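Fold and contact review
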Amino acid sequence: KLVQATLILANFFVNVVEYQIVPVPGTATADLFSWLDYIFTGIFALELVIQMIANWFIPFWMDAWNVLDFAVISVSLVLIGVIGETTFLK
C-alpha cells in the first residue's frame, strides 16, 4: 500500500508541476510530461492486473475501490488509444 500511495502522490505532483508550467504542445517539456503520463498509467494498469489476479473475480469486484480503479484505468487506456493522451481526465 505504501508503494501505491507513493506512486499516486508522485503522479499528483507531476500533474501539479505540469499545470504550473503549462508546456507548449510539441516541445520537449510537453513530451516529457506525456511520457510520464504513459508511465504512470502503465504502472497503475499493471497494479490493477495484479490486484485482479490476486483477488480473483468476486472478491475483486466486491471492493468499491477496485471498481473505481478499474474504471479510471480503463478510461485512461481508452483515451491513450483513441487520442494518444489522458489530458481529458486532468
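This text gives an overview of the structure that appears in the document. What you see is a predicted model; the values in this text were computed from it and never measured. (Residues numbered from 1 in each chain as written. Predicted model: local features only at pLDDT ≥ 70, side-chain atom pairs only at ≥ 80, totals over all residues. Heavy atoms only, no water.)

Some thoughts on the nonpolar core
- The biggest cluster of nonpolar side chains holds 8 residues, and these are Val 14, Phe 33, Phe 40, Phe 44, Ala 45, Leu 48, Phe 60 and Ile 73.
- Among all residues touching Phe 40, those that are not within four sequence positions of it are Leu 7, Ala 10, Asn 11 and Val 14. (Core = buried A, V, L, I, M, F, W, Y, C linked by side-chain atoms within 4.5 Å. Buried < 20%, exposed > 50% of the residue type's maximum accessible area, 1.4 Å probe, protein only. Contact = heavy atoms within 4.5 Å.)

Some thoughts on the packing of aromatic side chains
- One pass over the structure, following the stated rule, counts 6 aromatic pairs.
- Aromatic side chains Phe 12 and Phe 13 sit 5.5 Å apart centroid to centroid with 65 degrees between the ring planes, which places their arrangement in the edge-to-face category.
- For the ring pair Phe 60 and Trp 61, a centre distance of 5.0 Å and an interplane angle of 90 degrees mean the geometry is edge-to-face.
- What makes Phe 60 buried here is its relative accessible area of 1%.
- A relative accessible area of 30% means that Trp 61 is categorised as partly exposed.
- What links up through ring pairs into an aromatic cluster is the set Phe 57, Phe 60, Trp 61 and Phe 70. (Phe/Tyr/Trp six-rings, centres within 6.5 Å; stacked < 30°, edge-to-face > 60°.)

A look at the environment of Met 52
- Its place among the elements puts Met 52 in helix α2 (residues 28-55).
- Here Met 52 falls in the partly exposed class, since its relative accessible area comes to 27%.
- Along the primary structure Met 52 and Val 24 are separated by 28 residues, whereas in three dimensions their C-alpha atoms are 38 Å apart.
- Sequence-distant contacts of Met 52, that is, excluding residues within four places in its chain, are made with Phe 60, Trp 61 and Phe 70. (Helix = DSSP H or I, 4+ residues; strand = E, 2+ residues; numbered from the N terminus.)

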